[in-house]
Amino acid sequence: MPTFPPGLEAVQDPGGRDALRLHGPGGTILVALLGAQVLSCRTSVGELLFTGSTAEHAKGKPVRGGIPLVFPWFGDHPTDPKLPAHGFARTQAWRVAETGAGPSVVLETTDDASTRALWPHAYRLRLSISVATQPTLRWEIENRGDAPFRCEEALHTYFAVGDVHTATVHGLQGVPHTETAKEPEGPWDVRAPLRFRAETDRVFHGTPDTIELHAPALRRTVTLASRNARSAIVWTPWPTKAARLSGLGPDDWQRFCCIETANCKQDALQLAPGQRHVLELVLRAAAN
Ligand code: TA6
């Protein structure tokens, strides 16, 4: 186990599961080793992430909230509905590979017999987390096999918004998208900033590197600055779908939206043997 620099400590999460806390100039991040799931990201404007009021921190299961990692497929498996939605990276055991001043940490996981039974490819995933300046995630996917593979990825970030009815998302105006919600709102102005009037599950392709979330109920704006993400998904379940989801209390749907930094569907990655891809997300929050 690498040495831990100042600001990095091994802790337990609210469910007693192994986790790490990073505390530095960019804020304080709590990340569970299960799934390398960021559970909390506190900055000068408070907690940026949402966690369901009935979320469980259970052995072997992702937590409803924070930043679950989606890999190697997004959503339901394309051919086998019995396979776990959003793939299996978020339920794998990850380990500390490197640590650094700042502090920063690199968590790592690789394929094993259980993953190869679901997806027959060799890979290494590395998630680098830093709070040296702003909260920064860098996710490297490496093809360790001897054949090319196609995979999808997403940082499935749950943002606290206070009141989803007044939150707006800026930067996706006019970007090609598909609405996949079961009960979406009627026609909306695609040239206007995105606002929430019904279940929203919108997949955008050819996205800009900067997206802004305005959360007036929390008097804050969060800027998502990404590199190498060609897709984004904006999701809020609204009450009907929320009632079917674990980890959400009756009114939780009003307090979050997901803005997911991704490469999925037609933007899926094609990695040759030995090829690596790095997706980066920097979060900047400001009071307003
Ligand atoms: O990214 C949006 C989405 O695919 C929604 O359709 C909803 O299913 C959400 O992810 C949560 O998925 P999960 O498997 O974490 O419950």
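In case you missed it, the structure is sitting above this.
Throughout what follows, the structure given in this document is the object of discussion. Bear in mind that the values here come from a model prediction, so they are computed numbers and not experimental data.

Calculation criteria
- For every chain, the first residue of its written sequence is number 1, and the numbers climb from 1 along that sequence.
- Given that this is a predicted model, residues contribute local features only at a pLDDT of at least 70 and side-chain atom pairs are listed and counted only at 80 or more, while totals for whole chains, interfaces and linings are drawn from all residues.
- Excluding hydrogens and water, the side-chain values take into account all heavy atoms of the structure.
- For Phe, Tyr and Trp, rings pair up if their centres lie within 6.5 Å, where Trp contributes its six-membered ring, and each pair is then called stacked (planes under 30 degrees apart), edge-to-face (over 60) or tilted (otherwise).
- Labels follow the DSSP assignment, with helices taken as runs of H or I lasting at least four residues and strands as runs of E lasting at least two, numbered in each case from the N terminus.
- Accessible area is worked out with a 1.4 Å probe on protein chains only. A residue is then buried under 20% of its type maximum, exposed over 50%, and partly exposed in between.
- Only heavy atoms are used to decide nearness, and a residue is near a molecule or strand if one of them lies within 4 Å of it.
- Any pair of N or O atoms that falls within 3.5 Å is considered a polar contact. Within protein, one atom must be able to donate a hydrogen and the other to accept it, and sequence-neighbouring residues count only if both atoms are side-chain atoms.
- A pocket, in this scheme, is an open set of points on a 1 Å grid over the protein atoms alone with protein on both sides within 12 Å along at least 5 of 7 lines, while a cavity is a set where a 1.4 Å probe fits but cannot get out; residues line either one if an atom lies within 4 Å of a point.
- Molecules are considered to sit inside a cavity or pocket once more than half of their atoms lie within 2 Å of its grid points.
- Whether two strands pair comes down to DSSP finding at least two bridges between them.
- For this analysis, a salt bridge means a side-chain nitrogen from Lys or Arg found within 4 Å of a carboxyl oxygen belonging to Asp or Glu.
- Neither His nor the chain termini are counted; the positive set is Lys and Arg, and the negative set is Asp and Glu.
- Should any heavy atoms of two residues lie within 4.5 Å, those residues are counted as being in contact.

## Remarks on the packing of aromatic side chains
Then, number 1: Taken as a whole and assessed by the stated rule, the structure comprises 13 aromatic pairs.
Then, number 2: Look at Phe-71 and Trp-119: their rings are 5.4 Å apart centre to centre, the planes differ by 80°, and that puts the pair in the edge-to-face class. Of this pair, Phe-71 sits in the loop between strand 6 (69-70) and strand 7 (95-100) while Trp-119 sits in the loop between helix 1 (113-118) and strand 9 (123-130), and the two are 48 residues apart along the sequence.
Then, number 3: A residue is classified by how much of its surface remains accessible, and Trp-119, at 9% relative accessible area, is buried.
Then, number 4: For the pair Trp-238 and Trp-253, a centre-to-centre distance of 4.9 Å together with 55° between the ring planes defines the contact as tilted. Taken as a pair, Trp-238 in helix 2 (residues 238-242) and Trp-253 in the loop between helix 2 and strand 21 (256-263) lie far apart in primary sequence, 15 residues in all. Like Trp-238, the residue Trp-253 is buried in the burial classification.

## Let's talk about the site of the ligand
Then, number 1: All residues in the neighbourhood of the ligand are listed as Arg-64, Phe-74, His-86, Arg-90, His-156, Asp-201, Trp-235, Lys-241 and Glu-260.
Then, number 2: Between the ligand and the protein, one listed contact pairs an oxygen atom with a side-chain N or O atom of Arg-90 at 2.9 Å.
Then, number 3: In this structure, Lys-241 approaches the ligand through a side-chain N or O atom, which is 3.1 Å from an oxygen atom.
Then, number 4: For the ligand, the cavity whose grid points lie within 2 Å of the majority of its atoms is the largest pocket.

## What about the sheet that holds strand 1 (residues 8-12)?
Sheet strands pair by backbone hydrogen bonding; their relative direction is either parallel or antiparallel.
Then, number 1: Strand order in the open sheet made by the 5 strands is 1-2-3-4-5, with antiparallel pairing throughout. Each end of this open sheet is capped by a strand with a single partner; those strands are strand 1 and strand 5 (46-47).
Then, number 2: As defined by bridge partners, strand 2 (residues 18-24) adjoins strand 3 (residues 27-32) across 6 bridges and the pair is classed as antiparallel. The partner of Leu-22 across the bridge, within strand 3, is Ile-29.

## Observations regarding the pattern of salt bridges
Then, number 1: According to the stated counting rule, one finds 20 salt bridges in the structure shown.
Then, number 2: Put simply, Glu-108 and Arg-124 hold a salt bridge, and the shortest N to O gap is 4.0 Å. A residue pair is termed long-range when its members are at least 10 positions apart, and Glu-108 in strand 8 (residues 104-110) and Arg-124 in strand 9 qualify at 16 residues. With respect to burial, Glu-108 and Arg-124 carry one shared label: buried.
Then, number 3: In this structure, Arg-255 and Asp-252 form a salt bridge, with 2.8 Å as the shortest nitrogen-oxygen distance.
Then, number 4: Residue class for Arg-255 comes out partly exposed when judged on its relative accessible area of 35%.
Then, number 5: Accessibility expressed as a relative area gives 3% for Asp-252, which makes it buried.
Then, number 6: Counted as one network, the salt bridges with shared partners bring together Arg-95, Glu-98, Glu-108, Arg-124, Arg-126, Glu-140, Glu-142, Arg-144 and Arg-276.

## Notes on the pairing of strand 23 (residues 276-287)
It is a general feature of regular strands that their side chains alternate between the two faces of the sheet.
Then, number 1: Summarising the sheet, strand 10 (residues 136-143) and strand 23 pair through 7 bridges and their orientation is antiparallel. The residue of strand 23 that forms the bridge with Glu-140 is Val-278.
Then, number 2: Alignment of strand 19 (residues 220-227) against strand 23, held across 8 bridges, turns out to be antiparallel. Directly across from Leu-224, in strand 23, lies its bridge partner Leu-283.

## Quick word on the pairing of strand 8
Then, number 1: Buried residues dominate strand 8, accounting for 6 of its 7 residues.
Then, number 2: In this sheet, strand 8 lies alongside strand 7 in antiparallel orientation, the contact comprising 5 bridges. Directly across from Thr-99, in strand 8, lies its bridge partner Val-105.
Then, number 3: Hairpin connection from strand 7 to strand 8: 3 residues lie between these consecutive antiparallel strands, with Gly-102 at a positive phi of about 140°.

## Digging into the side chain of Glu-152
Then, number 1: Turning to its location among the elements, Glu-152 is positioned in the loop between strand 11 (149-151) and strand 12 (153-155).
Then, number 2: Buried and without a salt bridge, Glu-152 has Arg-150 as its closest oppositely charged side chain, separated by 4.1 Å.
Then, number 3: A polar contact of 2.8 Å, which involves the side chain of Glu-152, links it to the backbone nitrogen of Phe-74.
Then, number 4: Looking at Glu-152, its side chain comes within polar contact range of the main-chain nitrogen of Lys-265, at 2.5 Å.
Then, number 5: Sequence-distant contacts of Glu-152, that is, excluding residues within four places in its chain, are made with Val-70, Phe-71, Pro-72, Trp-73, Phe-74, Asn-263, Cys-264, Lys-265 and Ala-268.

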